[in-house]
Number of protein chains: 2
Amino acid sequence: VSTFLALGAAPSAWTQAATPEQLVARALADNRAHAMLSELLAVAPKRLAGSPGMDRARAWAVATMQAVGLQKVRVEEVQVPRWVRGEVASLRASLPDGERGYDVVALGGSIGTPADGISADVLEVKSFEELRARATEAKGKIVFFNRAMPRALRNTFLAYRDAVPQRGQGAIEASKVGAVAAIVRSMTTALDDYPHTGALHYEANVGKIPAAAISTNGAQALAAALASDPSLRLTLRLDCATHEDVACGNVVGEITGAERPDEIVLCGAHLDAWDIGDGAHDDGAGVVHCLEAARLLLVHKVRPARTLRFVLFANEENGLRGGRGYAAAHEGEMARHVAAFETDSGGFEPKGFSTTLDEKARAALVSHLDPLRALGFGALIEGGGGADISVLQPFGVPLFGLVVADHRYFDFHHSARDTLDAVHERELALGAAAVAAFMAVLADPAALPEK
Amino acid sequence: VSTFLALGAAPSAWTQAATPEQLVARALADNRAHAMLSELLAVAPKRLAGSPGMDRARAWAVATMQAVGLQKVRVEEVQVPRWVRGEVASLRASLPDGERGYDVVALGGSIGTPADGISADVLEVKSFEELRARATEAKGKIVFFNRAMPRALRNTFLAYRDAVPQRGQGAIEASKVGAVAAIVRSMTTALDDYPHTGALHYEANVGKIPAAAISTNGAQALAAALASDPSLRLTLRLDCATHEDVACGNVVGEITGAERPDEIVLCGAHLDAWDIGDGAHDDGAGVVHCLEAARLLLVHKVRPARTLRFVLFANEENGLRGGRGYAAAHEGEMARHVAAFETDSGGFEPKGFSTTLDEKARAALVSHLDPLRALGFGALIEGGGGADISVLQPFGVPLFGLVVADHRYFDFHHSARDTLDAVHERELALGAAAVAAFMAVLADPAALPEK
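What you see is a predicted model, and the numbers here were worked out from it, not measured in a lab.

1. Some points on the overall build of chain A
Part 1 of the reasoning: Scanning chain A from N- to C-terminus turns up 16 helices and 16 strands.
Part 2 of the reasoning: For 451 residues, the compact-globule estimate of 2.2 N^0.38 gives 22 Å, and the C-alpha radius of gyration of chain A, at 23 Å, lies within 12% of that figure.
Part 3 of the reasoning: Looking at chain A residue by residue over its 451 residues, the buried ones come to 61%.
Part 4 of the reasoning: Look at the contacts in chain A between residues 6 or more apart in sequence, and 82% of them connect residues 24 or more apart.
Part 5 of the reasoning: Element-wise, carbon and sulfur atoms account for 51% of the exposed surface of chain A, whose accessible area totals about 16,000 Å².

Here you go:
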């Protein structure tokens, strides 16, 4: 008997019937998720951790949690990096017929270049293996990582996983072979003029070099130019810089469990966003999934057996200090976290949920998802949650993520296109209803036993 | 054992392994479906049946069928209505603070108004029941059908079904109670300024009155104006007109069955489109689903046991003469049509298939869809095919339709927004792969026995 089917008869913690179908109908009819997103993006379109926009976003999140009726609303302080993009991001090539510019943005966390830029020859590679094989050619050059996300893969997240190491680790690998800068093809299956940012990493004992993302059309054009003139020189200019850490905070609110208030089901998303778009899908959608899910449960007077703790993390994109700070502050409570869920894959049509649970535990949970499956979002697949909650895994907390239609996500992800109009109000509302319904399941000890 | 899993071992009509996964990978990598759609919309953005654009679309379809390698490519002539929209579509209200205009378009098939328009008082209703109850108020007035598609329904096609009778039958019902014209709220769940056209019907012995669709924002504004001034007068001007029938044609091509060439599986879509957008989703997407499915099967050297007959119908939107003409021309073959499939729900992510088969026959077929289900488009639900093939149902032909994600469809359907940029290349490619895989199943006698 599922959580939902049992509502009438069982000695349930639910005080009123609220089937997933009712949650869906309410979410679609009220259309609050998109209205909330519109508010957030008006208040704080730019909200990189440590920025003034993030301060406004946090204030909005506190007020919205209070408005929907969450309890114990608070900000839990964390220190976050403060990286500032600056004003200059330019990549120019000297071609036989004159200069040409390409659309680029600094990768998040990159150091800047000297004011007059870095000029060098170029080595184009498609993989780290190729870079290492051609290490002797790289010295003193700009390495151009031009590996495309493989289009043929059905799942764009797998395609992302294939190509994204060149963004995260490219500056390290290029520096190791003596390169002076890195240019990285943007992470998207689309061919267009929008560069996509995202975090890069540096490594202790490996010299830091600046790195920028080039649009996919730009990457194609640059590759063509290099094919006809391998001695072409590029000049990269960036004025981004990292400053001292600053205070920021995770925003937290709760629905106290009616039967097992000490057992916690965490429902999270990240409030920060890259600064070249408005973070509508990444992760504004996740933020309003959580807030609207809370509203839906409260409007329907659902009282879960366990405590639902909603957490909007401060710093997922560049540092993961939100998740780490949460884990540190709540270390003593970790044994009582029976589940942690994060929504951070965009505001598209929900399909179901990913989880770190083993096959046996999945099989036990899946029977409770029949009513969700009937609505199109009941799949339960092996996988992780979001990056923020990944830091809870060492404590043995089972992780869950929202799985949504993924075809369009990387068109927008980390780019200037990630704006309100990219999010469809019905798809967003359905996602919020799916989160609400799933939280009700996770909060039910019959569906998910204690660890 | 399914069609696909058996490819290696079974005495199959397939000459080469082509798993659904391979079809998907090929469709995504080649990205031909969107390129085809781009071609069609460049050649014939406007292609209402009987228009010069339709002649160009037909020539393109013939050439494309030949290019992908279909056999017996031909045009089968049908006569179609020729309705011409004209240049004028205006709705103006006399308000206390002056005149105000609303965004309207003529409904397809509507008669025009006198050149200086029809001016009358307004009766707003939400249903035919309300209209009949208030019949005495309707005489001499313009009836304003302002029933919204119910937002709370999970399935937008059900919401459409709830509201669309006011568009199809509104002019008849309004005329019966003595009204002089009808204004119909557009069929969309979105609130915007785009009016959506679509066919209206007239009835013998009921006087024809002109009818236009108003945008949803316009409908809201008009309702508000009426609430504050019930005596406001509207003036409707339309210069559309119906002319003599003209010759048009269904475009047909085949992959001849390797084992049972006389048994036919029809794979269809409609080539005509409403004329205020470019018919990108409706039904350009369906057209390229069919053409790209044919290409995928031929590229992979799949040889189905039964004949696959691809039919691009001439006239779905206003008259259904394409389907009717096909049924008349092929009446003697109807017993050999083992299945008819149509894709006419937009170029969104495929979910599965609808069918008129009874529960027992569905259960037999569903086991052959496991590899499709693994790719996300293996659902088999009760339902019909498209309008074109509905005329084959009286002959006992089982009907099938493509089921796709439906949240966005009515944002575009029959409106000026139905353009190329509304169709996502990956979703369109997946749809084509789904059609190819499903045609392979239907052409397999082990999966679908003869009728």
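2. A closer look at the environment of A269 of chain A
Residues and elements named next belong to chain A.
Part 1 of the reasoning: With respect to the secondary-structure elements, A269 resides in strand β11 (residues 260-270).
Part 2 of the reasoning: Look at A269 and you get buried, because its relative accessible area is 0%.
Part 3 of the reasoning: Placed 174 residues apart in sequence, A269 and L95 show a C-alpha to C-alpha distance of 46 Å.
Part 4 of the reasoning: Apart from the residues within four sequence positions on either side, A269 is in contact with D283, G286, V287, C290, V311, L312, F313, E342, T343 and D388.

3. So, the pairing of strand β10 (residues 241-255) of chain A
Residues and elements named next belong to chain A.
Part 1 of the reasoning: Here strand β1 (residues 71-84) pairs with β10 via eleven bridges, running antiparallel. By the bridge assignment for β10, E77 is matched with G249.
Part 2 of the reasoning: As judged from the five bridges shared by β10 and strand β12 (residues 306-313), these two strands associate in the antiparallel manner. Counted as the bridge partner of V251 is L312 from β12.

4. Here we look at the relation of the copies chain A and chain B
Part 1 of the reasoning: For the pair chain A and chain B, the superposition axis carries a translation of 0.0 Å, the fit reaches an RMSD of 0.0 Å, and the rotation angle comes to 180°. Such a turn and shift between the copies fits a two-fold axis. Among all residues of chain A, the one whose C-alpha sits closest to the rotation axis is A405 of chain A, at a distance of 4.8 Å.

5. Thoughts on the confidence of the model for chain A
All names here are of chain A.
Part 1 of the reasoning: Of all residues in chain A, 96% have pLDDT values of 70 or greater, and the mean over the chain is 95.
Part 2 of the reasoning: Low confidence marks residues 1-16, where pLDDT is under 50. Its contacts with residues over four positions away, or in another chain, come to 40 contacts.
Part 3 of the reasoning: With a pTM of 0.94, the predicted complex shows an ipTM of 0.93.

6. Some words on the environment of P114 of chain A
Part 1 of the reasoning: Relative to the elements of secondary structure, P114 of chain A occurs in the loop between β4 (104-106) and β5 (118-125).
Part 2 of the reasoning: Placed 31 residues apart in sequence, P114 of chain A and W83 of chain A show a C-alpha to C-alpha distance of 17 Å.

7. What about the nonpolar core?
Part 1 of the reasoning: L312 and M439 of chain B are the most contacted members of the largest nonpolar core, which has 107 residues in total.
Part 2 of the reasoning: No other element matches helix α16 (residues 425-442) of chain B, which puts twelve residues into this core.
Part 3 of the reasoning: Contact partners of L312 of chain B, with chain neighbours within four places excluded, come to A61, M65, G249, N250, V251, A269, L271, V287, C290 and L291 of chain B.
Part 4 of the reasoning: Membership of the second largest hydrophobic core comes to 106 residues, among which are A138, A163, V265 and L308 of chain A.

8. Topic: the sheet that holds β4 of chain A
Residue and element names in this part refer to chain A.
Part 1 of the reasoning: A sheet is described by the order of its strands in space; here eight strands give the open sequence β3-β2-β9-β5-β6-β7-β8-β4, paired in mixed fashion. One side of each edge strand has no neighbouring strand; the edge strands of this open sheet are β3 (98-102) and β4. Taken over all neighbouring pairs, the strand axes of this sheet differ in orientation by 30° on average, direction set aside.
Part 2 of the reasoning: With four bridges joining them, β5 and strand β9 (residues 233-238) adopt antiparallel strand pairing. The residue bridging D121 from the neighbouring strand is R233, located in β9.

How each quantity is defined
Residues numbered from 1 in each chain as written. Chains lettered and ligands numbered in written order. Predicted model: local features only at pLDDT ≥ 70, side-chain atom pairs only at ≥ 80, totals over all residues. Heavy atoms only, no water. Helix = DSSP H or I, 4+ residues; strand = E, 2+ residues; numbered from the N terminus. Rg over C-alpha atoms; globule rule 2.2 N^0.38 Å. Buried < 20%, exposed > 50% of the residue type's maximum accessible area, 1.4 Å probe, protein only. Contact = heavy atoms within 4.5 Å. Areas by Shrake-Rupley, 256 points an atom, 1.4 Å probe, with all protein chains shown as cover. Pairing = 2+ DSSP bridges. Least-squares fit on C-alpha atoms with pLDDT ≥ 70 in both. pLDDT = per-residue confidence, 0-100. Core = buried A, V, L, I, M, F, W, Y, C linked by side-chain atoms within 4.5 Å. Axes fitted to C-alpha atoms, helices over the stretch in contact; angles between N-to-C directions.

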